[in-house]
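Below, each chain spelled out in residue letters.
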Amino acid sequence: MKKEDTVKLISAEGMEFVIDKEAAMVSQTIRNMLTSPGGFAEAEHGEVTFPEISAVILEKICQYFYWSLQYSRGKETEFHIEPELTLELMMAANYLHT
Amino acid sequence: MAMYIRVKRSKTTYFIQCDPTETTLDIKQKLHTLIDQPVNDQRLILMNTGDILEDSKTLADQKVENDAVVALTLRKGCFFLLVFFFCSFHFLEMFLIAHHPFPVILIC
Amino acid sequence: MEKESELIRRCIEAACQSKESVEKWRRQRRTLERLPSHLSQSLLRNLLRRRLLFPSLLEVFKYSVEEIDLRGENSVDGEWMAYLGAFRYLRSLNLGDCHRINNSAIWSIVGMTSLKEVDLSRCMKVTDAGVKHLISISTLEKLWISETGVTANGVALLASLKNLSVLDLGGLPVTDSALNSLQALTKLRYLDLWGSKISNQGALVLQRFPKLSFLNLAWTNVTRFPNLSALECLNMSNCTIDSILEGNGDKAPLLKLVCAGATFMNEAEAFLYIKTSSLSLLDVSKSSLSRFGVLADMKMLEHLDLSSGTMGDDSVEMIVCIGATLKNLNLSSTRVSSVGIGILVGHVPKLENLSLSHTAIDDVALSYIGLMPSLKVIDLSNTNIKGFILQPSTESHVDSTLTALQNLSYLESLNLEHTQVRDPDLHPLSSCKKLSHLSLKCASLTDATLHLLSSLPKLTTLHVRDAVLTTNGLDAFSPPTTLRVLDLMGCWLLTEDAISQFLKKHPQVEIWHEIVQNLSTEHQTISNSLSTSQQSLKGPQWNKKQGNLPMPEFFVDQRLKYNREELLALQFSPLSLQSPHDAGSVTPNV
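The shown structure was predicted, so the numbers you read here are calculated from the model rather than taken from an experiment.

Rules behind the numbers
Residues numbered from 1 in each chain as written. Chains lettered and ligands numbered in written order. Predicted model: local features only at pLDDT ≥ 70, side-chain atom pairs only at ≥ 80, totals over all residues. Heavy atoms only, no water. Helix = DSSP H or I, 4+ residues; strand = E, 2+ residues; numbered from the N terminus. Rg over C-alpha atoms; globule rule 2.2 N^0.38 Å. Contact = heavy atoms within 4.5 Å. Buried < 20%, exposed > 50% of the residue type's maximum accessible area, 1.4 Å probe, protein only. Axes fitted to C-alpha atoms, helices over the stretch in contact; angles between N-to-C directions. Parallel < 35°, antiparallel > 145°, perpendicular 65-115°, else oblique. Left-handed = near helix turned anticlockwise from the far one by under 90°. Buried area = accessible area lost by both parts, 1.4 Å probe. Salt bridge = Lys/Arg side-chain N within 4 Å of Asp/Glu carboxyl O. Polar contact = N/O pair within 3.5 Å; in protein donor to acceptor, adjacent residues only side chain to side chain. Nonpolar A, V, L, I, M, F, W, Y, C, P; charged D, E, K, R; others polar. Patch = residues over 30% accessible without salt bridge, like charges linked within 9 Å, V, L, I, M, F, W, Y side chains within 5 Å. Areas by Shrake-Rupley, 256 points an atom, 1.4 Å probe, with all protein chains shown as cover. Core = buried A, V, L, I, M, F, W, Y, C linked by side-chain atoms within 4.5 Å. Pairing = 2+ DSSP bridges. pLDDT = per-residue confidence, 0-100. Phe/Tyr/Trp six-rings, centres within 6.5 Å; stacked < 30°, edge-to-face > 60°.

Quick word on the overall build of chain A
- Within chain A, the regular secondary structure consists of five helices and three strands.
- The helix and strand sequence of chain A, counted from the amino end, reads β-β-α-α-α-β-α-α.
- Here the C-alpha atoms of chain A give a radius of gyration of 13 Å, agreeing with the 13 Å that 2.2 N^0.38 yields for 98 residues.
- Residue pairs at least 24 apart in sequence account for 63% of intrachain contacts in chain A once pairs closer than 6 positions are excluded.

Digging into the overall build of chain B
- For chain B, the count of helices and strands is two helices and six strands.
- Mapped in sequence order, the helices and strands of chain B form the string β-β-α-β-β-β-α-β.
- For chain B, buried positions account for 48% of its 108 residues.
- When contacts within chain B are restricted to residue pairs at least 6 apart in sequence, long-range pairs at least 24 apart make up 54% of them.

Concerning the packing of helix α4 (residues 55-72) of chain A against helix α5 (residues 86-96) of chain A
Residue and element names in this part refer to chain A.
- Where α4 contacts α5, the axes come no closer than 10 Å and their chain directions differ by 60°. As far as their axial angle goes, α5 and α4 are oblique. Along this stretch, α4 crosses α5, giving a crossing that reads as right-handed. On the side of α4, the interface is formed by Ile-57, Lys-60 and Ile-61, while α5 contributes Glu-88, Leu-89, Ala-92, Ala-93 and Leu-96.

So, the interface of chain B and chain A
- Between chain B and chain A, the residue contacts involve 22 residues of the former and 21 residues of the latter.
- Roughly 1900 Å² is buried in total at the junction of chain B and chain A, and carbon and sulfur atoms are behind 52% of that figure.
- One can count three salt bridges joining chain B with chain A.
- Of the charged contacts, one joins Lys-11 of chain B and Glu-16 of chain A as a salt bridge, the two residues approaching to 3.5 Å between their closest N and O atoms.
- Where chain B touches chain A, the interface holds 14 residue pairs in polar contact (both at pLDDT 80 or more).
- Of all the secondary-structure elements, those providing two or more residues to the side of chain B that touches chain A are β1 (3-9), β2 (12-18) and α1 (24-35) of chain B.
- For the side of chain B that touches chain A, the element with the most residues is β2 of chain B, which contributes six residues.
- Residues of the side of chain B that touches chain A, tallied by class, amount to 10 nonpolar, six polar and six charged.

Some points on a nonpolar patch on the surface
Residues and elements named next belong to chain C.
- On the surface, a cluster of nonpolar side chains totalling about 300 Å² of accessible area is made up of Val-468, Trp-492 and Leu-493.
- Here Trp-492 is to be found in the loop between β22 (485-487) and α18 (496-505).
- Owing to a relative accessible area of 65%, Trp-492 belongs among the exposed residues under this scheme.

Digging into the interface of chain C and chain A
- Across the boundary between the two partners, chain C contributes 22 residues, which contact 18 residues of chain A.
- Overall, the association of chain C and chain A removes approximately 1800 Å² of surface from exposure, summing both partners, and the carbon and sulfur fraction of that is 71%.
- Sorting the residues of chain C by area buried against chain A places Leu-7, Arg-10 and Cys-11 of chain C first, and these three jointly supply 33% of that buried surface.
- On the surface where chain C and chain A come into contact, there are two salt bridges.
- Its salt-bridge partner being Glu-88 of chain A, residue Arg-34 of chain C comes within 3.8 Å of it at the nearest N-O pair.

Some thoughts on the pattern of salt bridges
- Enumeration over the complete set of coordinates arrives at 32 salt bridges over all chains.
- Where salt bridges share partners, they join Glu-59 of chain A together with Arg-6, Lys-8 and Asp-67 of chain B into one cluster.

Concerning the nonpolar core
- The biggest cluster of nonpolar side chains holds 203 residues, and the ones touching the most others in it are Leu-43, Ile-101, Leu-169, Leu-191, Leu-206 and Phe-225 of chain C.
- Ignoring anything within four residues of it in the chain, the contact list for Leu-206 of chain C reads Leu-179, Leu-191, Leu-193, Leu-212, Leu-215, Leu-217 and Leu-228 of chain C.
- Met-3, Ile-5, Ala-68 and Leu-74 of chain B belong to the second largest nonpolar core, which has 20 residues in total.

Quick notes on the environment of Thr-461 of chain C
Residues and elements named next belong to chain C.
- Take Thr-461: it is sitting in strand β21 (residues 461-465).
- Distance in space between the C-alpha atoms of Thr-461 and Asn-330 is 22 Å, their sequence separation being 131 residues.
- Within the structure, Thr-461 has its side chain in polar contact with the side chain of His-437 (distance 3.3 Å).

Examining the pairing of β1 of chain B
- Summarising burial for β1 of chain B: six of the seven residues are buried, a large majority.
- The hairpin turn running from β1 of chain B into β2 of chain B, its antiparallel successor, is two residues long, and Ser-10 of chain B in that turn takes a positive phi close to 55°.

Some points on the confidence of the model for chain B
Residues and elements named next belong to chain B.
- Predicted confidence across chain B gives a mean pLDDT of 78, with 69% of residues reaching 70 or more.
- Averaged pLDDT values for the elements of chain B fall to 38 in strand β6 (residues 105-107) and rise to 96 in β2.
- Between residues 78-108, whose pLDDT stays under 50, and residues either more than four places distant or in other chains, the model counts 48 contacts.
- Our summary of model confidence lists the complex with pTM equal to 0.79 and ipTM equal to 0.94.

Quick word on the packing of α5 of chain A against helix α4 (residues 37-49) of chain C
- Following both chains from N to C, one finds α5 of chain A and α4 of chain C inclined at 135°, their axes separated by 10 Å at the closest point. It follows that α5 of chain A is oblique to α4 of chain C by the angle criterion. Considering the relative orientation of α5 of chain A and α4 of chain C, their crossing is right-handed. Along its contact with α5 of chain A, which presents Leu-87, Met-90, Met-91 and Asn-94 of chain A, the element α4 of chain C presents His-38, Leu-39 and Leu-43 of chain C.
- Class assignment for the residues of the contact of α5 of chain A with α4 of chain C results in five nonpolar, two polar and no charged.

Details of α5 of chain A
- The element α5 of chain A is largely enclosed, with a buried count of nine among its 11 residues.
- Inspection of α5 of chain A places Thr-86, Leu-87, Leu-89, Met-90, Met-91, Ala-92, Ala-93, Asn-94 and Leu-96 of chain A among the buried residues, and these make up the whole buried set.
- Contact partners of the buried residues in α5 of chain A: α2 (28-35) and α4 of chain A together with α1 (6-15), α2 (19-25), α3 (29-34) and α4 of chain C.
- His-97 of chain A sits one or two residues past α5 of chain A and shows a positive phi near 50°.

A few points about unusual backbone geometry
Residue and element names in this part refer to chain C.
- Of note, the phi angle at Arg-51 is positive, near 60°, even though the residue is not glycine.
- By the secondary structure assignment, Arg-51 is in the loop between α4 and α5 (55-58).
- One non-glycine residue, Ser-308, lies in positive phi territory at about 50°.
- For Ser-308, the position within the fold is in the loop between β15 (303-305) and α13 (316-321).
- Classification of Ser-308 by relative accessible area gives partly exposed; the value is 31%.

Some thoughts on the packing of aromatic side chains
- Using the criterion set out here, one finds 11 aromatic pairs over all chains in the structure.
- Both rings, one in Tyr-66 of chain A and one in Phe-15 of chain B, keep their centres 5.2 Å apart while their planes meet at 10°; by these two values the pair is stacked. Note that Tyr-66 of chain A is positioned in helix α4 and Phe-15 of chain B in strand β2, a pairing that runs across two chains.
- Tyr-66 of chain A sits in the buried class, given a relative accessible area of 1%.
- Assessed through its relative accessible area of 0%, Phe-15 of chain B is described here as buried.
- An angle of 25° between the planes, with centres 5.7 Å apart, marks the rings of Tyr-4 of chain B and Phe-15 of chain B as stacked. Here the residue Tyr-4 of chain B occupies a position in strand β1, and Phe-15 of chain B occupies one in strand β2, the gap between them amounting to 11 residues.

Structure representation (structure tokens):
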């Protein structure tokens with residue numbers, strides 16, 4: 001695991017989540033930020049800030065990224081979503097194209 | 001990589017991919033590449049039990065499962081400093097501080 | 001609308017899990033207000049489907065929902081409407097078949113400024129008084145009021161809705177003078193007048209709608225009307241046709257012409273003014289058309305329905321002329337025999353759907369059908385097919401004629417109901433790897449058939465009716481994992497025990513059988529708890545349609561023409577023309 005292979009996602013409150021780029025790419029939006037040539041400063045620093053997404057939701061999103069990777073590798077487990085998180089989470093998912 | 005764990009320190013959470021057969025030391029080496037802290041200075045604590053993870057044991061041995069939350073503390077100089085001021089939404093952490101077997105600051 | 005992502009789908013599922021889960025989020029008002037419309041609409045749809053939506057819960061959607069579809073919801077009444085009237089950005093409201101909607105319920109939406117589309121089809125309690133409420137919504141662009149209680153007087157009032165581009169007045173007693181008063185609606189491009197009282201005189205007014213591209217005059221007394229230069233879709237089903245679209249100027253760029261059950265007064269005249277070369281769909285089923293020479297010019301035709309007409313082997317040449325583009329061909333209940341099918345071979349390279357039910361074709365036709373490479377859906381029910389041809393020399397060993405179907409690598413659906421095929425003849429089907437729908441109904445079929453079909457990898461719907469299936473046979477049957485519907489109607493040897501055993505073992509499969517009527521409620525709760533998929537919810541609807549193969553919608557039984565759903569299907573399904581429910585206008589002639 002190398003530092004260059006990770007990306008830091010920062011929530012509205014400034015909480016940071018360091019995840020594998022591979023996982024972050026589950027989001028089409030983040031994928032575009034990281035791969036579009038010369039476009040985003042995010043690509044250079046390996047940091048993306050989401051002023052609209054709270055830490056609870058961002059962490060859940062990250063968990064989903066990893067769940068999604070595992071799922072694509074054939075591991076079928078439940079991804080539990082607490083009902084009180086559903087609205088915020090689907091908005092974040094919508095924004096992130098996840 | 002069959003699973004991942006969430007390693008939390010201060011305001012940062014590291015998602016670390018790993019296998020149940022890996023040892024605590026393996027995890028610490030992965031963390032070393034991310035945070036430049038020597039393996040010996042790291043201490044990992046499984047959040048839902050409060051157990052300190054032992055270097056030589058595997059994750060499976062210590063009941064560290066997929067999506068588990070592990071707290072990371074660092075030794076600064078000759079102190080083990082528990083840097084532990086998480087956001088309030090993790091009541092588990094608060095619980096841990098209250099029930100941790102070590103005092104917040106230990107003299108070597 | 002963009003397709004929901006996996007995570008969004010899971011969120012919505014979790015949000016609509018139960019009453020309790022709804023309570024967990026319904027007070028998050030600020031979040032609800034910010035919800036993008038497609039998410040809130042999706043959430044609302046799922047609540048409705050899970051029976052968790054009630055009037056006061058609608059309140060949480062009032063700042064986010066732009067479209068709401070409550071079709072067929074019997075609980076929708078004035079109370080619901082009171083909440084809907086407060087929806088700030090509501091653009092489209094579908095209340096079709098909501099039988100409790102009456103005039104006073106409509107009062108709630110009076111003066112809404114965002115509303116562009118309202119569907120009140122078959123809300124029988126809505127009358128002219130309701131129309132008076134509707135005309136206060138000056139932004140309306142699309143209005144469906146077919147089969148309501150509105151009279152000619154009410155229709156005339158609609159003249160003030162100047163923005164109307166879609167108007168469905170199907171089944172209303174629209175008179176010539178009522179239509180005359182609608183002249184002001186110059187933006188009209190879709191007008192449905194089936195079953196109205198319009199006469200030839202009244203039809204002259206149609207020329208005042210310069211953008212009219214869709215017109216339905218089915219079941220009217222109109223026999224002739226002048227050229228309409230923008231007309232693309234015309235339905236004259238069950239009319240007597242004298243001369244249509246006669247006049248000067250550009251011929252109408254007609255794409256679809258439906259004349260099912262029509263009587264042609266003069267066949268030579270009827271098509272004289274129609275630009276037949278651009279037609280993509282022609283439905284002359286059950287019509288009196290007897291000379292098929294007119295087909296020869298229809299070089300763009302993709303969908304041709306000649307069922308229950310006078311077509312015979314002698315006219316098949318005319319289909320050959322236009323075979324190059326044909327995708328759907330319905331020849332059921334015609335005089336076409338195996339000889340006629342032979343003539344088609346080699347001339348229909350794109351043919352995907354072929355219906356030959358209720359014809360005199362026999363096993364010889366199968367060898368010809370095997371030579372039509374693009375076929376996906378074949379209906380051979382109620383024919384003389386036996387599954388073998390007895391050859392005098394080799395009486396002891398006969399090959400199944402179904403072997404010819406193995407050449408059809410795209411075959412998805414096959415109907416062999418009411419033919420005389422037996423178990424061994426079906427053997428070749430086991431190598432039809434794409435087959436997903438199979439219909440069999442024959443008293444000579446046994447457990448061996450079930451066993452044979454278990455190897456079909458894509459089978460989703462299997463009808464084996466009136467067969468001699470035994471309890472042991474069903475027990476031994478291991479259905480393909482894709483199977484969802486197993487229709488065993490009339491298999492009288494099966495016991496209730498055997499069927500419930502099977503359902504327990506294979507909960508993803510829905511069984512249709514006389515006995516299951518009692519079991520069905522029980523089974524539905526099982527399948528509901530297993531998956532929230534629509535299949536289990538749709539159960540009762542499927543039962544209504546049982547036996548129908550997924551033929552293209554425009555092949556529907558013509559007797560159903562009165563039903564608006566079918567009419568819409570006729571008008572919109574086979575071509576990718578936008579439905580009037582879609583935003584925007586009908587695709588202009590590109």
